[in-house]
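Coordinate analysis (summary)
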Amino acid sequence: MSEVIIKATEHNSIYSDQYINLAAERLGTKVLFSTDDFFAPKENLIKPGRGIFIVDKYTENGKWMDGWESRRKRVAGHDYADIRLGLPGVIKAIDIDTNFFTGNHPPFASIEACSCHNSDPNEQTEWTEILAKSALGPGCQNLFDINNKQMFTHIRLHIYPDGGVARLRIYGEVKKDWSQVGQDDIIDLAAVENEGKAVICNDMYFSHKDNINMPGRGINMGDGWETKRKREPGNDWLILALGKKGHISQVIVDTAHFKGNFPDSCSLEGALLEEGQVDQLEDPQIEWKPLLPQVKLQADHIHDLSSQLIHIGAITHVRLQIYPDGGVSRLRLFGKISE
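Given the structure is predicted, the values throughout are model-derived calculations rather than measurements.

The next point concerns the overall build of the protein chain. Regarding its fold elements, the protein chain presents zero helices and 22 strands. Radius of gyration (C-alpha) of the protein chain: 22 Å, near the 20 Å computed for a compact globule of 339 residues. Burial status across the protein chain gives 51% buried among its 339 residues. Look at the contacts in the protein chain between residues 6 or more apart in sequence, and 78% of them connect residues 24 or more apart. Total accessible area computed for the protein chain in this model is approximately 16200 Å², and 48% of it derives from carbon and sulfur atoms. Taking the average location of the 37 positive side-chain charges in the protein chain and that of its 48 negative ones, the two points are 3 Å from each other.

Here you go:
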């Protein structure tokens, strides 16, 4: 039996550098319901990567496919799936990826969204159409810009009339209810669930900058931020925007799974930026203040560097410098939000 596996990376959209995939499985996203997933389970919609294809692999129901696939519809109507986003947010773009679905992709799709903060949708839920019925191409990423400023917690993907979708990406900006955070509460101001965002870095050859503030510890070496081997003078760096202006009191640098490729050392700098400066993070006029001196790192280790932290007051952005290169799994910046 011949077997061919074709893989694609998680971060493969024009939107992935600018926005967070609110429908990522690792953020806690759940596929709640589908009208039909006879050929391939609905849960595949939120898996990482673009999906794979294995020649000559079949199930008792037919060809094995890495996506959500309904049976051929012989009655009126169409299929749909309901998804609870891992994090609530404002949706900026959508990727309906039909990778490897060619003769069996849906020719059209639409998307509705709703806000249900303490429950899942029911028959009384009011849905808002954010993507009108639109044509889909076979075996490709179907990208759509979304113009809606509402905050949503759930989406409903409609496909017309049936067929298969490999992956669904809901790109947007995380929105947290800050009224629930007190002035004395200590939280990870850099965490993605607290609106933290890795906004720019000089290199992410092996793995994406957005991994740096994801929930939990990295599951493998690919679940972190890793640069290529540096063959010229200098060092690598990453700038992360805090979810809220705040005072940092604890720093944790985690090199989980990075053993022969962890950075020799690292340092941190902080800056208090105004709204107009956010789009000019490489401006040499920005005043970056030392937050953590250059410290040695170990392989595959959680480093609590809080004892060496320099208190510089309220900041909005942090620049992580690694020397000279390598991989960091997670950066945690705990503190209090500023008044």
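Anyway, onward from the coordinates.
What follows is about the pairing of strand β17 (residues 265-271). Of all seven residues in β17, seven are buried; the element is thus mostly enclosed. Looking at chain direction, β17 and strand β18 (residues 289-296) are connected through five bridges and run antiparallel. Across the sheet, residue C266 finds its bridge partner in β18, namely V295. Bridge count for β17 against strand β20 (residues 315-323) is seven bridges, and the pairing is antiparallel. What sits directly across from L268, in β20, is L320.

Moving on, we get to the packing of aromatic side chains. Tallying each qualifying case throughout the model produces five aromatic pairs. Note on Y205 and F206: the rings are 4.9 Å apart at their centroids and 85° apart in plane angle, and the pair reads as edge-to-face. Given the relative accessible area of 48%, F206 is considered partly exposed. The ring of F108 has K133 sitting right over it, with the charged end atom 5.4 Å from the ring centre. Above the plane of the ring of W178 lies K176, whose end atom (NZ or CZ) is 5.8 Å from the centre.

A few words on the confidence of the model for the protein chain. Looking at the protein chain, pLDDT values average 94 and 96% of them are 70 or higher. For the stretch residues 1-9, pLDDT sits under 50, and the model shows 21 contacts to residues farther than four places along the chain or on other chains.

Bringing the pattern of salt bridges into the picture now. Summed over the entire model, instances satisfying the criterion amount to 21 salt bridges. Of the charged contacts, one joins D66 and R167 as a salt bridge, the two residues approaching to 3.0 Å between their closest N and O atoms. Taken together, the positions of D66 in the loop between β4 (62-63) and β5 (68-69) and R167 in strand β12 (residues 167-174) put the pair 101 residues apart, joining distant regions of the chain. Each of the two residues, D66 as well as R167, counts as buried.

A few words now on the nonpolar core. Core analysis: the largest hydrophobic core is formed by 34 residues, its most contacted members being I96, I111 and L168. Broken down by secondary-structure element, the contributors of at least two residues to this core are β6 (79-97), β7 (108-114), β8 (128-135), β10 (151-160) and β12. Residue contributions to this core peak at seven residues, all from β6.

On to the pairing of β7, then. Along β7, five of the seven residues are buried, which leaves the element largely enclosed by surrounding structure. As paired elements, β7 and β8 share five bridges and run antiparallel to each other. Residue pairing in the sheet places F108 in a bridge with A135 of β8. Examined bridge by bridge, β7 and β10 share seven bridges and lie antiparallel to one another. Across the sheet, C114 pairs through a bridge with H154, a residue of β10.

How each quantity is defined
Residues numbered from 1 in each chain as written. Predicted model: local features only at pLDDT ≥ 70, side-chain atom pairs only at ≥ 80, totals over all residues. Heavy atoms only, no water. Helix = DSSP H or I, 4+ residues; strand = E, 2+ residues; numbered from the N terminus. Rg over C-alpha atoms; globule rule 2.2 N^0.38 Å. Buried < 20%, exposed > 50% of the residue type's maximum accessible area, 1.4 Å probe, protein only. Contact = heavy atoms within 4.5 Å. Areas by Shrake-Rupley, 256 points an atom, 1.4 Å probe, with all protein chains shown as cover. Lys, Arg positive; Asp, Glu negative; His and termini not counted. Charge placed at Lys NZ, Arg CZ, Asp CG, Glu CD. Pairing = 2+ DSSP bridges. Phe/Tyr/Trp six-rings, centres within 6.5 Å; stacked < 30°, edge-to-face > 60°. Lys NZ or Arg CZ within 6 Å of the ring centre and 35° of its normal. pLDDT = per-residue confidence, 0-100. Salt bridge = Lys/Arg side-chain N within 4 Å of Asp/Glu carboxyl O. Core = buried A, V, L, I, M, F, W, Y, C linked by side-chain atoms within 4.5 Å.

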